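Chain by chain, the residues:
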Amino acid sequence: MLWLVAALLAGWQMAVVLRQPPGERLTDLETWIGEDGVLHVAGSLYDSDRFTGTPFAGLVLKPLTRTAEQSLGVAWTFGSLLLVAVLGIVAARALPGPVSRRTSLLAAPVAISLLMLSLPVRNALHLGQTSILPVLLVLLGCFVTRGERASGVMIGIAAALQPTMLLFAALLWLTGRRRAAVTGGGAFAACTALAWAAMPHDSVTYWVHHVAGAGLGDGADSLANQSLHGALLRFGLAGPLEIVLFLLLAAAVCYVGLRRAIRSARDGQLLLAVAVTGCAAVAVSPTAWQHQLLWVLLTVVGRAGTRASERLVWPALVVLALTLPGKTLLPNFPVAHPVRDNVLLLAALGAACAAPFLPRTSPYWQHPVPTDYATPVPARWSRVPLLPFWRRVLSRPNLLLELLLIRVVYSAYAQVRLAATAGRATAEEHGRQIHSLEQWLHIDIEHWANHTVVHIGSLQGFFDYYYETFHFIVPLTILGVLYVRRPADYRWARSTLGFATLVALLGFWLYPLAPPRLMPGLGFIDTVHGVQDFAKPDYGTLTSMTNQYAAMPSLHFGWSLWCGIMIVMLAPKVWMKALGLLHPLFTVSAIVATANHWVLDAVGGALVIGTGFLLTYVLAGPRRLQPVEGPPDGADGTTSADHVPEETRQWAANADRAAPGPAPPGAGPVGGCRPGSLSAESLVRRRHAFLGDVERMAHRTQGDRPLARRRGAHDDRYQGVRPQMPAHRVEEDVPGP
């Protein structure tokens, strides 16, 4: 099934490229080898800035100039997709062991699918670039070819196409593969010399005048250049200061990245070592275009985090950064522009210098600290929950990942809402239907409320401000408080709001509706935006960003009702509950008085919120959690550690049998450990840490009250001093002389 998904994605990418007009597809390839391309024109390749490759790349591409443009486009795109498939298979076979049979079967199609969806591959296919080839050559040299010389030749050719790939020769040298490193350097020199002999003028221009290609192509300060050099230029630095700072930062990145790569290679994680080196190489390159940043995606093989709940954080961050544009990940706020404009660079720097990848000798490599789950109270119906594997997690999710996911989901919601339009005539016809139905029900109070508010200036100002301001602030505030104080309830509340919003999108698609302010002839006044031309309404910057006919259901009222329900359910004080009920009351008054919604829109908003709560209940079970009963320590002759869940006990036992590492100097065989296994001091230290974690988990899972309501149950840190290891346990693990 996954292979079918990968094949469909490949076909879709090829169709996207070939469906474009000839002048808009494979634009870089066309400027190189097209009828008027630089490889056809007499003179230097670099007379214009259209060709950014090395002279050796130009020499390789020369024979393609004789190919017909139409057949070349199909063959080039198909060949690029084939290279991507080979790249995914090689990366999947290079996963660090031990690898389960299930992982080995799923790794290749998953890798190919992620590559097909990634921005570097999509960009390379669209432009007709060759950036996939150097990555594949390096992987083939490191994992497929046999013999040091063959590996070196592959890496040397990759460096001839992209000079920063010479950093892999340094990696080979520092990891003991010196023959391969020397061969790689020699192959690079030979390819460069060949190009120099065939095109001396172009070689001088590239290597001397442009300093290894710096300054070719788009401006170095453009957003497309995701290198340290480009980022410094975008920050306003220029001249000698920028060059010196760039060289210092590049040296630091190379040093840190190579140290981390060497450590990973010696630990048996060669694919991670290669990916980290590639990230460092593109970061320190004078120009690193988007299609050259494929290395970042390969770092998903690294395992970061000691807890099971943290294992997916780094892969998720990488996949989000490599598949979605920065404007989707981050809002269009000036304070976020430095991060939004350099997302790919930050991902590469994080992989090369900061991500806390675990070594295989870590006890958490195979056995991370298990996630704490709670059990909801039994539902009234035996088939609820329908998804029993959707378990309630007590710890809070990763904040950065959570913010990114919320932003991505909202961006997708905004795009779908913007596209859900059937035209003005249909929306106005639906508006007349709603107005007639309200007249029949005698609830058509919109005109009266609108004109009453218009004649009371202070009331109009209050409702206008409330309508524009509190729609996002209150829900985000409630989610933030729940995230900090009650993580289990946060996940449940977030799910209810997400389901309700998805159901609302169906309403926008199926029933586009003109709000009262956009209904001609009914006399409504738009108090927020002023009098409008119904044919060409103008709402400032929101004109092209929102669908004015997405009125049924009203998410203004729906989200406010969700806020009121959450406050009533979870607030500890009566006055807080009463205050929470005012928010939906003020919101429904504002949307009607400002002529932005019909009364029935608010009814629709209430229905979708109720549907969101119902779906969460049916799929995941009730919100309330079962109390965990347990006698206090010593009451029945047991300690708190005796009430630890079985999965935690199994984890502690497995961690003691973690992959052995080299013993420190002077440490011989101790107890039952064979020579070269863990030292006595290491065993004592690890068991000490494991018992502390066990004690902490036991304290979190005991008590007479429900877990979600216990003070501190949401906190995943152990409050207080870690209990000391009992002396008899030390004696058991470390026998005396």
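For clarity, every value in this text was computed on a predicted model and none was experimentally measured.

1. Observations regarding the overall build of the protein chain
Step number 1: Secondary structure assignment for the protein chain yields 30 helices and 2 strands.
Step number 2: Across the 737 residues that make up the protein chain, the buried fraction comes to 48%.
Step number 3: Accessible surface, the protein chain: about 35500 Å² in total, of which carbon and sulfur atoms supply 65%.

2. Quick word on the pattern of salt bridges
Step number 1: With the rule as written, the count across this model stands at 7 salt bridges.
Step number 2: Note that Arg 494 is salt-bridged to Glu 402, the shortest N-O span being 2.2 Å. With Arg 494 in helix H24 (residues 487–510) and Glu 402 in helix H20 (residues 399–419), the pair connects residues that are 92 residues apart, well separated along the chain.
Step number 3: Judged by its relative accessible area of 28%, Arg 494 is partly exposed.
Step number 4: Judged by relative accessible area, Glu 402 falls into the buried class, the value being 7%.

3. Some points on the confidence of the model for the protein chain
Step number 1: Confidence in the prediction of the protein chain, expressed as mean pLDDT, is 78, and 76% of residues score 70 or more.
Step number 2: No element of the protein chain has a lower mean pLDDT than helix H30 (residues 727–733), which averages 37, and none a higher one than helix H14 (residues 270–284), which averages 94.
Step number 3: Low confidence marks residues 630–645, where pLDDT is under 50. Its contacts with residues over four positions away, or in another chain, come to 24 contacts.
Step number 4: Across residues 698–737, where pLDDT falls below 50, the model places 78 contacts with residues more than four positions away in sequence or in other chains.

4. A word on the nonpolar core
Step number 1: With 99 residues, the main nonpolar core has Leu 87, Val 138, Met 165, Phe 168 and Trp 295 as its most contacted residues.
Step number 2: Broken down by element, this core gets its largest block of residues, 12 residues, from H14.

5. Some thoughts on helix H5 (residues 101–117)
Step number 1: Given a rise of 1.5 Å per residue, 17 residues ought to cover 24 Å, and the 25 Å separating the end C-alpha atoms of H5 matches this to within 8%.
Step number 2: Within H5, the axis deviates most sharply at Ala 107, by approximately 40°, and proline Pro 109 lies no more than four positions further along.
Step number 3: Among all positions of H5, only Ala 107, Ala 108, Pro 109, Ala 111, Ile 112, Ser 113, Leu 115 and Met 116 are buried.

6. Here's the deal with the packing of aromatic side chains
Step number 1: On inspection of all chains with the given rule, the structure shows 14 aromatic pairs.
Step number 2: Judged by centre distance (5.7 Å) and plane angle (45°), the rings of Phe 462 and Tyr 466 are tilted. Placement of the pair is Phe 462 and Tyr 466 together in helix H23 (residues 457–485), with a separation of 4 residues, close to one helical turn.
Step number 3: Tyr 466 sits in the buried class, given a relative accessible area of 10%.
Step number 4: Arranged with centres 5.7 Å apart and planes meeting at 50°, the rings of Trp 492 and Phe 613 form a pair that is tilted. With Trp 492 in helix H24 and Phe 613 in helix H27 (residues 599–620), this pair connects stretches of sequence that are 121 residues apart.

7. Re the packing of H24 against H27
Step number 1: Running from N to C, H24 and H27 point in directions that differ by 125°, and their axes come no closer than 7 Å. Classified by the angle between their axes, H24 and H27 sit oblique to one another. The element H24 and its partner H27 pack so that their crossing is right-handed. Packed against H24, whose contacting residues are Trp 492, Ser 495, Thr 496, Phe 499, Ala 500, Val 503 and Ala 504, the element H27 presents Val 608, Ile 609, Thr 611, Gly 612, Phe 613, Leu 615, Thr 616 and Leu 619 at the interface.
Step number 2: Class assignment of the residues belonging to the contact of H24 with H27 gives a composition of 10 nonpolar, 5 polar and no charged.

8. Details of the packing of helix H9 (residues 167–174) against helix H10 (residues 178–198)
Step number 1: Running from amino to carboxyl end, H9 crosses H10 at an angle of 160°, the nearest separation of the two axes being 7 Å. Here H10 runs roughly antiparallel to H9, going by the angle between their axes. The handedness of the crossing between H9 and H10 comes out as left-handed. Contacts between H9 and H10 involve Ala 169, Leu 172 and Trp 173 from the first element and Arg 178, Ala 180, Ala 181 and Val 182 from the second.
Step number 2: Here the contact of H9 with H10 is built from residues that sort into 6 nonpolar, no polar and 1 charged.

The rules we used
Residues numbered from 1 in each chain as written. Predicted model: local features only at pLDDT ≥ 70, side-chain atom pairs only at ≥ 80, totals over all residues. Heavy atoms only, no water. Helix = DSSP H or I, 4+ residues; strand = E, 2+ residues; numbered from the N terminus. Buried < 20%, exposed > 50% of the residue type's maximum accessible area, 1.4 Å probe, protein only. Areas by Shrake-Rupley, 256 points an atom, 1.4 Å probe, with all protein chains shown as cover. Salt bridge = Lys/Arg side-chain N within 4 Å of Asp/Glu carboxyl O. pLDDT = per-residue confidence, 0-100. Contact = heavy atoms within 4.5 Å. Core = buried A, V, L, I, M, F, W, Y, C linked by side-chain atoms within 4.5 Å. Expected span 1.5 Å × (residues − 1). Bend = angle between axes of the 7 residues up to and from the residue. Phe/Tyr/Trp six-rings, centres within 6.5 Å; stacked < 30°, edge-to-face > 60°. Axes fitted to C-alpha atoms, helices over the stretch in contact; angles between N-to-C directions. Parallel < 35°, antiparallel > 145°, perpendicular 65-115°, else oblique. Left-handed = near helix turned anticlockwise from the far one by under 90°. Nonpolar A, V, L, I, M, F, W, Y, C, P; charged D, E, K, R; others polar.

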